[in-house]
Amino acid sequence: MEQLLHYVWKHKLFPLSPLTTTDGRPVEVVHPGLHNHDAGPDFFNAKVKIGGQLWVGNVEIHDRASDWYRHHHDQNPAYDNVVLHVVGVADMDIPYPDGPSSAPAQGVRLIPQLELPVPTEVRQNYDRLVQEDAQPRCRRVVGTLPSLTVHGWLSALQVERLEQRTQQVQVRRQQLGMDWEATFFVTLARTFGFGINGDAMEQWAYNVPLHAVAKHRDDLFQVEAIFFGQAGLLESPCDAPYFSRLQTEYAYLRHKFSLTPMDPHQWRFARLRPQNLPYVRIAQLAMLYHEQRLNFSRIIEAADLDQLYGLLQTHVSEFWQTHYSFSSQPSPLSDRRLTDASLRSLVINAVVPILFSYGRYKSEEQLCERALTLLEQLPPEANHIVREWAAAGVKSDNAGDTQALIHLTRQYCEPRNCLRCRFGYEYLRRTPDFLREDPDDVPQP
């Protein structure tokens, strides 16, 4: 398996016997190089001694040497400076098209090849790891790791998750004409979907013309008309007087601004708590927008969590204080304020990514540090992913840790990218006897 060969090469898990090329020259790996996850050779700037001569260049790795041609590397100049071809099976020789060679300058110049075996224990451990069904698969090991190892990896994952979210924010910004205000609105709206309606809320926010709404921002009823109308929630008939008034107002505004509502079938209503229904969330956003307490500049300038909570807290208009939908029966009076858990979710999933992304855009590290500090100040999230890791011995001290564990699970565990994970590395280097132990009997650190 090629990924396993990558792992063995990267971590220098070589056999005790001397390494030699397929033509018998001794090989010494001074440095395996930098692992390249993009197009091009697998490892950059490796340092290897072949027959006593030091070579600095790129290394390519394949299951079989013939994969060189199957992947069309012979037609790609990026592979002309490969100094070593590491393979599981050397089923053919590979000549240089034109470039460096450590072979004698006579006849056809061949790329040096190293047939590298995967240690038996490493292969056995890898097979056992990827075949595990229970999550996390590495639970036999993670509970025994030093705290420094665990939190070092979580810190790296936390930044990796924010970098990924920065890319998502930048994609939104490009679609919105590089407008940071609109980008924040869409990011916040997506978070207001609280998972199940996240995609629909994001699509709705793209469909809300903020330039048009701004002309009527002082009139909450008109803001609601545009918000609900663009959500497609005024299309179906309803007898409620409030609904009829909104429908009439939206018809006027729709004509005035040439608006087009989204498909209402994108919304999901099944198995939702009443306060999570799209009607309530849109009503809360309408009030938040109308009161003008929340905008991009205020978010960036907020000094602490209390200020952010004050900017994000919202309520609903009179009709929604006693209704969860247009057609529902009146419910007990409530201003539908956001819970503390909801406020924390908005900070984690909307404010922090925007702050970090803007810091990257402006090259202002203090903004990125503020985003990371906010995560450290928030308590750990409660969800099944966090509980699974806690049961395995990985405890979360704050929201930064839980965000890292969510990223670890979705980007590494679920797609079985264990070879790229530091916990996976610790698993593979253990002895088979240790891994045969009952995970419940493994001592906690």
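See the structure printed just above.
## Describing the environment of Lys256
Moving on, step 1. Inspection of the secondary structure assignment puts Lys256 in helix H10 (residues 241–257).
Moving on, step 2. For Lys256, a relative accessible area of 40% gives the class partly exposed.
Moving on, step 3. Sequence separation between Lys256 and Trp9 is 247 residues; the distance between their C-alpha atoms is 65 Å.

## Observations concerning empty space enclosed by the protein
Moving on, step 1. Scanning all chains against the criterion turns up two cavities of 30 Å³ or more.
Moving on, step 2. In this structure, the largest cavity spans a volume of roughly 90 Å³.
Moving on, step 3. Residue lining of the largest cavity: Leu129, Arg137, Cys138, Trp389, Leu408, Tyr412, Cys413, Asn417, Cys418, Cys421, Phe423 and Gly424, and that is the complete set.
Moving on, step 4. Residue classes in the lining of the largest cavity are distributed as nine nonpolar, two polar and one charged.

## Quick word on helix H6 (residues 180–192)
Moving on, step 1. Here H6 contains 13 residues, and its C-alpha end-to-end distance of 18 Å stays within 8% of the 18 Å for a straight helix at 1.5 Å per residue.
Moving on, step 2. With eleven of 13 residues buried, H6 lies mostly within the body of the structure.
Moving on, step 3. By the burial criterion, the buried members of H6 are Trp180, Ala182, Thr183, Phe184, Phe185, Val186, Thr187, Leu188, Ala189, Thr191 and Phe192.
Moving on, step 4. Where H6 begins, the side chain of Asp179 points an oxygen toward the backbone nitrogen of Glu181, at a separation of 2.9 Å.
Moving on, step 5. Phe194 occupies a position one or two residues after H6 and carries a positive phi of about 45 degrees.

## A few points about the pattern of salt bridges
Moving on, step 1. Inspection of every chain in the model, using the stated rule, returns twelve salt bridges.
Moving on, step 2. Three or more residues are tied together by salt bridges with common partners; here these are Arg172, Arg190, Asp199 and Glu202.

## A few points about the nonpolar core
Moving on, step 1. With 82 residues, the main nonpolar core has Leu188, Trp204, Phe227, Phe228 and Phe326 as its most contacted residues.
Moving on, step 2. Top contributing element to this core by residue count: helix H14 (residues 340–362), with eleven residues.
Moving on, step 3. Core analysis: the second largest hydrophobic core is formed by 49 residues, Trp55, Ala392, Leu405 and Tyr427 among them.

## Digging into the packing of aromatic side chains
Moving on, step 1. Following the criterion strictly, the structure yields 29 aromatic pairs and no others.
Moving on, step 2. For the pair Tyr279 and Phe326, a centre-to-centre distance of 5.5 Å together with 80 degrees between the ring planes defines the contact as edge-to-face. Of this pair, Tyr279 sits in helix H11 (residues 278–291) while Phe326 is found in the loop between helix H13 (305–312) and H14, placing the two residues 47 residues apart along the sequence. The residues Tyr279 and Phe326 share a single accessibility class, namely buried.
Moving on, step 3. Among the aromatic residues, those joined into a cluster by ring pairs are Phe221, Phe228, Tyr242, Phe243, Phe269, Tyr279, Phe319, Trp320 and Phe326.
Moving on, step 4. The ring centre of Tyr324 lies 3.9 Å from the NZ or CZ of Arg336, which sits over that ring.

## Topic: the layout of surface pockets
Moving on, step 1. A volume near 1,400 Å³ is recorded for the largest pocket.
Moving on, step 2. Along the wall of the largest pocket there are 44 residues; nearest its centre are Phe194, Gly195, Ser345, Asn349 and Glu381.
Moving on, step 3. Those elements giving two or more residues to the lining of the largest pocket turn out to be helix H5 (147–175), H6, helix H7 (198–206), H11, H14, helix H16 (384–391) and helix H17 (399–413).
Moving on, step 4. By residue number, the principal contributor to the lining of the largest pocket is H14, which donates seven residues.
Moving on, step 5. Its residues assigned to classes, the lining of the largest pocket shows twelve nonpolar, 18 polar and 14 charged.
Moving on, step 6. What the second largest pocket holds in volume is close to 200 Å³.
Moving on, step 7. Lining of the second largest pocket is provided by 13 residues; of these, Gln3, His6, His35, Leu419 and Arg420 occupy positions nearest its centre.
Moving on, step 8. Take the lining of the second largest pocket: its biggest share by element is five residues, from helix H1 (residues 2–10).
Moving on, step 9. Residues of the lining of the second largest pocket, tallied by class, amount to four nonpolar, five polar and four charged.

Basis of the calculations
- Residues numbered from 1 in each chain as written.
- Predicted model: local features only at pLDDT ≥ 70, side-chain atom pairs only at ≥ 80, totals over all residues.
- Heavy atoms only, no water.
- Helix = DSSP H or I, 4+ residues; strand = E, 2+ residues; numbered from the N terminus.
- Buried < 20%, exposed > 50% of the residue type's maximum accessible area, 1.4 Å probe, protein only.
- 1 Å grid on protein atoms, 1.4 Å probe; cavity = no way out; pocket = protein on both sides within 12 Å on 5 of 7 lines; lining within 4 Å.
- Points joined across faces, edges and corners; volume = space filled by probe spheres on them.
- Nonpolar A, V, L, I, M, F, W, Y, C, P; charged D, E, K, R; others polar.
- Expected span 1.5 Å × (residues − 1).
- Polar contact = N/O pair within 3.5 Å; in protein donor to acceptor, adjacent residues only side chain to side chain.
- Salt bridge = Lys/Arg side-chain N within 4 Å of Asp/Glu carboxyl O.
- Core = buried A, V, L, I, M, F, W, Y, C linked by side-chain atoms within 4.5 Å.
- Phe/Tyr/Trp six-rings, centres within 6.5 Å; stacked < 30°, edge-to-face > 60°.
- Lys NZ or Arg CZ within 6 Å of the ring centre and 35° of its normal.

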